[in-house]
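Fold and contact review
Read off the chains here:
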Amino acid sequence: MAGLDIELAGIKMKNPVMVASGTFGYGEEASKFVDLDKLGAIVTKTITLQAREGNPPPRIVETSSGMLNSIGLQNKGVKDFIENRIPFLSKFKTPLIANIAGDSAKDYAELAKILNKEPLIKGLEINISCPNVTKGGMFFCFDPNATEELVRTIRKATSLPLIVKLSPNVTDISLIAKKAEDAGADAVSLINTLMGMAIDIETRKSKLGTPTGGLSGPAIKPIAVRMVWQVAQVVKIPIIGVGGIMTGEDAIEFFLAGASAVQVGTANFVDTQAPIRIVGEIKDYLGENNINNYKELIGNIEM
Amino acid sequence: MSIQENCRILDHQEVAPQHFKLVVASKYISSHAQPGQFVNVRCSTGYDPLLRRAFSIHRTAKEHERFELLYQVVGKGTRSLSQYCVGAELDILGPLGQGFALEKKDIAILVGGGMGVAPLLALAETLKQTTKAIYVLIGAKDKARVLAEKEFNAITDQVLVSTDNGSYGKKGFISDILLNVIENTLDPSYLPLATIYACGPNPMLKAIADIAFQKKIPCQVSMEQCMACGIGTCLGCVVKTRTGYQKVCDDGPVFKSEEIVWQD
């Protein structure tokens, strides 16, 4: 039996395939199609202190082998999450990772403190990279020192494992990753969406309700693999690879580039079975290549 | 409940220029779908088009374990779908969303503009069992694009058509026909017994909603928005309502017309 289990940043997972924030809600809708207990981990839709209305529609537009979104962190706030979402999720054994965002370091610390008290939450993913809100973390991800200070602040507020989700919309992502590590992050996940734009040539307006959106899907995978590989050269903490993973082959590319686990995002919209299928495809690859444990693949790119 | 399953194509015909009727086999979807619900269909096996496309269920035949979609080729996804042959399989997620609330009223007025007639056939077939009078108002660009008229004629004698260019039926907007039915055809004492069900482009729906409001007739509208997941997780397909943004895929696609905050 191929080894797929991993303890990542102190979070025990039965396989390295997680679902990415914003593509799986809080699990309830998707649970009608997917056995949540077969997932490596669930990363929730971003949670903020107060409810957020989100951005004006249209919020989605398909592009070549990808999609732009501009949801704008619509969510009902942390209180609603704890009262109305956690009870459903408590029926499952899969580790739950709460993705959080705020307007200030204080917001993030407050959220971390509140969620620290929830036994079901096994880790926090810090969203400092949503491209669709003027406030809500984007500022932090551009500035290495601001990232470092933010992560230090959150680190003091919680004992939960911290995963910092990095933006690709920066000059040198490895610099930000290193600062996150120095500040006490237990892992980094990358990449968030790439800032993009699509224009309707009839109306001459953006195809989204906001001028720009975040690009995801297979179109961004080569960039994500490259960035994972770059970050793997400079950090010792585990890396979670995200960006256009549709198949087991895609996931294995990320492992070879240096990722210890992956998150499946846009693929959930295309195929509700994607994460489960990807786990199966990774198993098949390991079997066909006589590899006992997928960890042998991590960072094992031949140069 | 809804499921994701591979459904075999039983028939696929071009019924009007760039408009297709697709018949697929599914025991589950045909027996569980309610009028106004939709399916999310993967229109290619590759990554471009990537996302599924949402289609209203046009008609179900539970006894034959099949259902029909009626769609127009408008872009990459529908173009790809139109090339699928009989016998091929399609990956379909459904039935999805909240369909029409079936009012136990004596009079139902169904208003469809363009592709908006798609969900109304399933609705008319269900309503005919309980409703005394069904009016079907079909608006189209021109004669060639008047959809499903024959099928509606089999259900009710009251099928009225308008076209933008007057090539068939009355020239003008379908909302004008609706106003005429309400003001001149129906006995005023019947109005409290009527419900309007509408689907079509937003400006049409807004016009219908305004009439419904003025005439105090309850009105349900089936809304459209670009979708990703179709199951309520991504929050991509929202429309503005009086209680904030609501999801077309999950809270809708059918809403009470007075809930919608109409955008120009």
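Residues numbered from 1 in each chain as written. Chains lettered and ligands numbered in written order. Predicted model: local features only at pLDDT ≥ 70, side-chain atom pairs only at ≥ 80, totals over all residues. Heavy atoms only, no water.

Focus on the overall build of chain A
- Helix and strand counts for chain A stand at nine helices and 16 strands.
- A compact globule built from 303 residues would reach a C-alpha radius of gyration of about 19 Å, and chain A, at 18 Å, matches this within 12%.
- Taken along the three principal axes of its C-alpha coordinates, chain A extends 55 × 50 × 40 Å.
- For chain A, the residues scored as buried account for 61% of the 303 residues in total.
- Counted over contacts in chain A with a minimum sequence separation of 6, partners at least 24 positions apart contribute 72%.
- As displayed, chain A has an accessible area near 11,900 Å², and 52% of this comes from carbon and sulfur atoms.
- Distance between charge centroids for chain A: 6 Å, based on 32 positive and 33 negative side chains. (Helix = DSSP H or I, 4+ residues; strand = E, 2+ residues; numbered from the N terminus. Rg over C-alpha atoms; globule rule 2.2 N^0.38 Å. Buried < 20%, exposed > 50% of the residue type's maximum accessible area, 1.4 Å probe, protein only. Contact = heavy atoms within 4.5 Å. Areas by Shrake-Rupley, 256 points an atom, 1.4 Å probe, with all protein chains shown as cover. Lys, Arg positive; Asp, Glu negative; His and termini not counted. Charge placed at Lys NZ, Arg CZ, Asp CG, Glu CD.)

Topic: the interface of chain B and chain A
- The interface of chain B with chain A comprises 29 residues on the first partner and 35 residues on the second.
- Counting each side, the surface lost to burial between chain B and chain A is near 2,700 Å², with a carbon and sulfur contribution of 62%.
- In this assembly, chain B and chain A are joined by one salt bridge.
- Note that B:Arg53 is salt-bridged to A:Glu62, the shortest N-O span being 2.9 Å.
- Seen at the junction of chain B and chain A, the total is seven residue pairs in polar contact (both at pLDDT 80 or more). (Buried area = accessible area lost by both parts, 1.4 Å probe. Salt bridge = Lys/Arg side-chain N within 4 Å of Asp/Glu carboxyl O. Polar contact = N/O pair within 3.5 Å; in protein donor to acceptor, adjacent residues only side chain to side chain.)

Re the packing of helix H5 (residues 173–182) of chain A against helix H6 (residues 221–232) of chain A
Residues and elements named next belong to chain A.
- The interhelical angle for the contact between H5 and H6, taken along N-to-C directions, is 50°, at an axis separation of 9 Å. Classified by the angle their axes make, H5 and H6 are oblique. Along this stretch, H5 crosses H6, giving a crossing that reads as right-handed. Side by side, H5 and H6 meet where Ile173, Ser174 and Ala177 of the first sit next to Met227, Gln230 and Val231 of the second.
- In terms of residue class, the contact of H5 with H6 is built from four nonpolar, two polar and no charged. (Axes fitted to C-alpha atoms, helices over the stretch in contact; angles between N-to-C directions. Parallel < 35°, antiparallel > 145°, perpendicular 65-115°, else oblique. Left-handed = near helix turned anticlockwise from the far one by under 90°. Nonpolar A, V, L, I, M, F, W, Y, C, P; charged D, E, K, R; others polar.)

Brief notes about the packing of aromatic side chains
All names here are of chain B.
- Summed over the entire model, instances satisfying the criterion amount to six aromatic pairs over all chains.
- Plain terms: the ring middles of Phe20 and Tyr71 are 5.6 Å apart, the flat faces sit at 20° to each other, and that makes the pair stacked. With Phe20 in strand S2 (residues 19–25) and Tyr71 in strand S6 (residues 66–72), the pair connects residues that are 51 residues apart, well separated along the chain.
- On the basis of relative accessibility, which here comes to 11%, the residue Phe20 falls in the buried class.
- Residue classification places Tyr71 among the buried positions, given a relative accessible area of 2%.
- Centre to centre, the rings of Phe100 and Tyr197 are 5.6 Å apart; their planes meet at 85°, and the pair counts as edge-to-face. (Phe/Tyr/Trp six-rings, centres within 6.5 Å; stacked < 30°, edge-to-face > 60°.)

Thoughts on the nonpolar core
- Within the largest apolar cluster, 142 residues are counted, with the highest numbers of intra-cluster contacts made by A:Leu124, A:Ile126, A:Leu190, B:Ile109, B:Val111 and B:Ile196.
- Per-element accounting of this core gives the leading share, six residues, to helix H6 (residues 202–214) of chain B.
- Of the domains in this structure, domain 1 (3–96) and domain 2 (107–259) of chain B are the two that each give at least three residues to this core.
- Among residues more than four places away in sequence, those in contact with B:Ile109 are B:Tyr135, B:Leu137, B:Leu178, B:Leu186, B:Ala194, B:Thr195, B:Ile196 and B:Tyr197. (Core = buried A, V, L, I, M, F, W, Y, C linked by side-chain atoms within 4.5 Å. Domains from an automatic or database assignment.)

So, the pattern of salt bridges
Residues and elements named next belong to chain B.
- Within this structure, the stated rule accounts for 24 salt bridges over all chains.
- One salt bridge connects Glu68 with Lys21, and the closest N-O pair in it is separated by 3.8 Å. In this pair, Glu68 is assigned in strand S6 and Lys21 in strand S2, connecting sequence segments 47 residues apart. The residues Glu68 and Lys21 share a single accessibility class, namely buried.
- Asp142 serves as the salt-bridge partner of Arg145, at 2.8 Å between the closest nitrogen and oxygen.
- Of the residues examined, Asp142 reaches a relative accessible area of 17% and is grouped as buried.
- Ionic contacts of the salt-bridge type, sharing partners, join the residues Lys21, Arg59, Glu68, Glu125 and Glu151 into one network.

So, the domain arrangement of chain B
Residue and element names in this part refer to chain B.
- Looking at chain B, the domain boundaries give domain 1 (3–96) and domain 2 (107–259).
- For domain 1 and domain 2, the distance between their C-alpha centres works out to 21 Å.
- Contact residues are listed per partner, giving 22 residues for domain 1 and 22 residues for domain 2.
- Carbon and sulfur atoms supply 66% of the area that domain 1 and domain 2 bury against each other, a total of about 1,800 Å² over both sides.
- Here Arg59 and Glu125 are joined by a salt bridge, their closest N and O atoms 3.0 Å apart.
- Between the two partners, domain 1 and domain 2, sit five residue pairs in polar contact (both at pLDDT 80 or more).
- Secondary-structure elements contributing two or more residues to the side of domain 1 that touches domain 2 are strand S1 (3–16), S2, strand S3 (38–41), strand S4 (53–56), strand S5 (59–61), S6 and strand S7 (89–96).
- With three residues, S6 is the single largest residue contributor to the side of domain 1 that touches domain 2.
- Considering only residue class, the side of domain 1 that touches domain 2 consists of twelve nonpolar, seven polar and three charged.

Concerning the pairing of S3(B)
Residue and element names in this part refer to chain B.
- Covered by surrounding structure in S3 are Phe38 and Asn40 together with Val39 and Val41, the residues of both alternating faces.
- Looking at chain direction, S3 and S4 are connected through four bridges and run antiparallel. Bridged to Val39 within S4 is Phe55.
- Note: S3 against S7, three bridges, orientation antiparallel. The residue bridging Asn40 from the neighbouring strand is Leu93, located in S7. (Pairing = 2+ DSSP bridges.)

Comments concerning the sheet that holds strand S11 (residues 170–171) of chain B
Residue and element names in this part refer to chain B.
- Ordered in space as S11-S10-S9-S8-S12-S13-S16, the seven strands form an open sheet in which the pairing is mixed. Two strands in the sheet have a free side with no partner beyond their single neighbour: S11 and strand S16 (254–256).
- Two elements, strand S13 (residues 219–222) and S16, share three bridges in a ladder whose sense is antiparallel. Opposite Val221, over in S16, you have Phe255 as the bridge partner.
- The strands touched by helix H3 (residues 118–127) within the sheet are strand S8 (107–113), strand S9 (133–140) and strand S12 (194–199), with S8 carrying the most contacts at an inclination of about 165°.
- Contacting S8, S12 and S13, H6 runs over the sheet at an angle of about 170° to S12.

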